[in-house]
Amino acid sequence: MPELVFFSGTMDCGKSTLALQIEHNRSARGLQGMIFTRNDRAGTGRLSSRLGLVAEAVEVAEDLDFQHHLVRHLTAGGRTDYVIVDEAQFLAPEQVEQLARVVDDLGIDVYAFGIATDFRTRLFPGSQRLMELADRLETLQVEALCWCGARATHNARTVGGRMVVEGAQVVVGDVGEPSGEVGYEVLCRRHHRRRLTAASAGAGALSPDVLPVDEPASAPKVPPGRGLSDPLRRAGSH
């Protein structure tokens, strides 16, 4: 039976990567899909992963009707076996209802990917409607980590590394933005409540490289052709 499935998680947990993997797996089996996205970091009409993978997609405008779009495509002789919608949190509730009708009336699987809550811990309207209508809800198992090392459960908006809690619900940005720019960071609930980002906490990397990567200047020089294995080579030659 066709399904409407909503995959949710925090930023940086691999939602777009999974969407691209689903596209790859199904297209490799001869199935044909249609990809939709909105406000992707790579630009208009593109679905991208932070791992560097990119696919062409239909940019979702505010007035796009998913059901009408698919019906026109099918009527014109096109084929669609599944639909992938990334950044689904930006959808209007009415558009989520259209996706449900695509599943029920057209018999097409729909896989939606998105963030559940905004930087104020409030549900996005699109995500809320997906939770209400989806046949299946999937929380991604790849856990993003807070700067403290705990599991990140909340999305924080930052300006110059400092967390902000006011402003429009949708402001396009990304993790790791330059200082002074609008960016986002994933935090555990405790540090989101305290508005404590990595920058404001002065936190370093979780796993700093403490091993030397260059040979010390005082290290003794080994003549060419000589080394620790030489005695073993000589022993084996007798």
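Source: prediction; values computed, not measured.

With respect to the pattern of salt bridges
Item 1. Summed over the entire model, instances satisfying the criterion amount to seven salt bridges.
Item 2. Linking Glu132 and Arg129 is a salt bridge whose minimum nitrogen-to-oxygen distance equals 2.7 Å. Highlighted residues: Glu132 and Arg129, both in helix H4 (residues 125–133), separated by three residues, approximately one helical turn.
Item 3. Take Arg129: its relative accessible area is 23%, and that puts it in the partly exposed class.
Item 4. Each of the salt bridges in this network shares a partner with another, and the network as a whole consists of Glu3, Arg136 and Glu138.

Re helix H3 (residues 93–106)
Item 1. Helix length check: H3 (14 residues) gives 19 Å between terminal C-alpha atoms against 20 Å at 1.5 Å per residue, within 8%.
Item 2. Within the span of H3, buried status applies to Gln95, Val96, Gln98, Leu99, Ala100, Val102 and Val103.
Item 3. In this fold, the buried residues of H3 make contact with strand S1 (4–8), helix H2 (66–75), strand S6 (82–85), strand S7 (109–114) and H4.
Item 4. Positive phi appears at Gly107, one or two residues downstream of H3, with a value of about 70 degrees.

Observations concerning the confidence of the model for the chain
Item 1. On average, the chain scores 81 in pLDDT, and the residues at 70 or more come to 78%.
Item 2. The spread of mean pLDDT over the elements of the chain runs between helix H7 (residues 230–237), the lowest at 40, and H3, the highest at 98.

Topic: the sheet that holds strand S9 (residues 154–159)
Adjacent strands of a sheet form backbone hydrogen bonds with each other and so pair up, either parallel or antiparallel.
Item 1. In spatial order, the strands read S10-S9-S11; together these three strands make up an open sheet with antiparallel pairing. Of all strands in the sheet, those bounded by a partner on one side alone are strand S10 (162–164) and strand S11 (182–187). Adjacent strand axes in the sheet meet at a mean angle of 50 degrees when their direction is disregarded.
Item 2. Both S9 and S11 contribute to a ladder of six bridges, which runs antiparallel. Its bridge partner lying in S11, Val159 is registered against Val182.

Examining the packing of H3 against H4
Item 1. Taken N-terminus to C-terminus, the directions of H3 and H4 make an angle of 35 degrees; their axes are 8 Å apart at the nearest point. Seen from above, H3 lies across H4 with right-handed handedness. Contact with H3, carried on its side by Pro93, Val96, Glu97 and Ala100, involves Pro125, Gly126, Arg129, Leu130 and Leu133 of H4 and no other residues of that element.
Item 2. A breakdown of the residues in the contact of H3 with H4 according to their chemical character gives six nonpolar, one polar and two charged.

Thresholds, definitions, all that
Residues numbered from 1 in each chain as written. Predicted model: local features only at pLDDT ≥ 70, side-chain atom pairs only at ≥ 80, totals over all residues. Heavy atoms only, no water. Salt bridge = Lys/Arg side-chain N within 4 Å of Asp/Glu carboxyl O. Helix = DSSP H or I, 4+ residues; strand = E, 2+ residues; numbered from the N terminus. Buried < 20%, exposed > 50% of the residue type's maximum accessible area, 1.4 Å probe, protein only. Expected span 1.5 Å × (residues − 1). Contact = heavy atoms within 4.5 Å. pLDDT = per-residue confidence, 0-100. Pairing = 2+ DSSP bridges. Axes fitted to C-alpha atoms, helices over the stretch in contact; angles between N-to-C directions. Left-handed = near helix turned anticlockwise from the far one by under 90°. Nonpolar A, V, L, I, M, F, W, Y, C, P; charged D, E, K, R; others polar.

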